[in-house]
Amino acid sequence: MPNKRILVLGGTSDANVLAMELLKSGFDVVTSFAGVTENPVLPEGEIRVGGFGGEDGLYDYLKAEGFAALADATHPFAAQISRHGFNAAERAGIPYLRLERSAWTPLPADNWISVQDTEAAVAALPDAARALLTIGRKEIAGFLARDDLSGVARMIEKPPFELPTNWALVLARPPFSVEAERELMAFHKITHLVTKNAGGKLTVAKLMAARAQRIPVVMIERPQKPPAPAFGSAPALVAALV
Ligand code: NAP
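Residue numbers run consecutively from 1 along every chain, following the written order of its sequence. Local features are withheld for residues below a pLDDT of 70 in this predicted model, meaning they are given only at 70 or higher, and side-chain atom pairs are given and counted only at 80 or more; totals for whole chains, interfaces and linings count all residues. As a rule here, side-chain values cover all heavy atoms of the structure and leave hydrogens and water aside.

Draft legend 1. Quick look at the sheet that holds strand β3 (residues 46-49). DSSP-based pairing: two strands are paired if at least 2 bridges between them are found. Only DSSP runs of H or I reaching four residues or more are called helices, and only runs of E reaching two or more are called strands; each is numbered from the N terminus. With parallel pairing, 6 strands are arranged side by side in an open sheet as β3-β2-β1-β4-β5-β12. In the strand order of this sheet, the two ends are held by β3 and β12 (230-231), each with one partner. Relative to strand β5 (residues 96-99), strand β4 (residues 69-72) is paired through 3 bridges, and the arrangement is parallel. Within β5, the residue paired with A71 across the bridge is L97. Each of β1 (5-9), β4, β5 and β12 is contacted by helix α8 (residues 234-241), which is oriented at about 165 degrees to β5, the strand it contacts most. Any two residues whose heavy atoms approach within 4.5 Å are treated as being in contact. Lines fitted to C-alpha atoms define the axes, with helix axes restricted to the stretch in contact, and inter-axis angles between N-to-C directions lie between 0 and 180 degrees.

Draft legend 2. Here's a closer look at the pairing of strand β10 (residues 192-196). Type-normalised accessible area, obtained with a 1.4 Å probe on protein chains alone, sets the label of each residue: buried when under 20%, exposed when over 50%, and partly exposed for intermediate values. Extensive coverage of β10 is indicated by the burial of 5 of its 5 residues. Here β10 shows a buried face lined by H192, V194 and K196 and a second buried face lined by L193 and T195. As judged from the 4 bridges shared by strand β7 (residues 130-134) and β10, these two strands associate in the parallel manner. Residue pairing for β10: T134 is matched across the bridge by T195. With 4 bridges connecting them, β10 and strand β11 (residues 217-220) associate as parallel partners. From the neighbouring strand, L193 faces β11, where its bridge partner is V217. With the strands aimed away from the viewer, a crossover counts as right-handed if its path from the first strand over the helix to the second runs clockwise. Running through helix α7 (residues 205-212), the crossover from β10 to the neighbouring parallel element β11 is right-handed.

Draft legend 3. How the structure looks around the pairing of β1. Most of β1 is tucked away: 5 of the 5 residues are buried. Burial along β1 is two-sided: the residues R5, L7 and L9 and I6 and V8 are all buried. You can see the chain leave β1, run along helix α1 (residues 13-24) and come back into strand β2 (residues 28-33), and the turn it takes is right-handed. Pairing of β1 with β4, which is carried by 4 bridges, proceeds in the parallel orientation. Each residue of the ladder has a partner; that of V8, found in β4, is A71.

Draft legend 4. Structural view of the packing of helix α6 (residues 178-187) against α7. Direction vectors running N to C along α6 and α7 enclose 55 degrees, while the axes themselves pass 8 Å from each other. By the criterion of interaxial angle, the relationship of α6 to α7 is oblique. Remark: the crossing between α6 and α7 carries right-handed chirality. Residues V178, E181, R182 and M185 of α6 form the contact with α7, whose own contacting residues are A205, K206, M208, A209 and A210. Throughout, the ten residues Ala, Val, Leu, Ile, Met, Phe, Trp, Tyr, Cys and Pro are labelled nonpolar, Asp, Glu, Lys and Arg are labelled charged, and all others, Gly among them, are labelled polar. Split by residue class, the contact of α6 with α7 holds 6 nonpolar, no polar and 3 charged. Each angle is binned into one of four classes, with values under 35 degrees roughly parallel, values over 145 roughly antiparallel, values of 65 to 115 roughly perpendicular, and all other values oblique. Left-handed is the label given to a crossing in which the near helix is rotated counterclockwise from the far helix by less than a right angle, and right-handed is the label when the rotation is clockwise.

Draft legend 5. The arrangement of the pattern of salt bridges in detail. Should a side-chain nitrogen of Lys or Arg be within 4 Å of a carboxyl oxygen of Asp or Glu, the pair is scored as a salt bridge. In this structure the tally under the stated criterion is 14 salt bridges. Note that R5 is salt-bridged to E65, the shortest N-O span being 2.6 Å. Residue R5 is found in strand β1, and its partner E65 is found in helix α2 (residues 54-65); the two are separated by 60 residues along the sequence. For R91, the salt bridge is made with E55, and the minimal N-O distance between the two is 2.8 Å. Linking R91 in helix α3 (residues 79-92) with E55 in helix α2, this pair joins segments that are 36 residues apart in sequence. For R91, a relative accessible area of 41% puts it in the partly exposed group.

Draft legend 6. Region of the structure containing the packing of α2 against α3. With their axes 9 Å apart at the nearest point, α2 and α3 run at an angle of 45 degrees to one another. Between α2 and α3, the angle is such that the two are oblique. Handedness of the α2/α3 crossing: right-handed. Here G54, E55, D56, L58, Y59, L62 and K63 of α2 come into contact with α3, specifically with H84, G85, N87, A88, A89, R91 and A92. Residues belonging to the contact of α2 with α3 are distributed by class as follows: 6 nonpolar, 4 polar and 4 charged.

Written out as structure tokens, the structure reads:
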């Protein structure tokens, strides 16, 4: 491949690993961030920050910068940017490859209530449940609006509003240990864990702690991503590019 300039759509720890692997293999890497996190952990290589202005904006950027390929390493729940990336790469005539960690699957000892979206997750919680919300800060409003619910909302950065008094705010960045997750759930008398099926090892401890304490898990399943080659690890994606 004579042109070695690759655009990585980032915003995840996987994207940072991918950027490093690409650089090691001699690629020229630009990693793109949406700009929604105040203090993101930055990968090596070139960085750009902010939306592209939709699919057309991304297409223009790909053409202007002369990228050879687009590597999508966004979060499994970031559906819009992946759709834009897939379409824009197709229009620009360059390969679109996705880095996608496997979804979590329940073990026999688990009690999962699988739902399609946040709204269904709110509806799935029984009266007066004490929930541990681990779905970030953007989609917690529906839970807070239910007066009978209480518990803990955990996220990396502060939400732009105050939580009602029946909710505790925990600001923390993964990874977490199983023991710490178990203590958090026990201390706050959590009856339900609410999570997105993000997959990966970094945040899996909460599922292990819930299993050990027989706490039901309301699992928000992944949105559909574009029909394109998906690789389970950064080296596998790099090998395909090479
Ligand atoms: P989204 O709904 O798929 O995208 C919304 C808009 O944000 C996109 O249309 C695009 O704006 C911009 N955008 C998203 N990712 C971008 C990137 N890597 N570079 C430049 N612009 C980007 O995404 P989201 O769910 O809001 O997530 C935003 C970012 O946070 C993503 O990069 C994702 O990897 C990361 N993240 C998301 C979650 C989650 O649960 N959703 C969790 C952890 C990390 P324009 O249309 O203007 O180009």
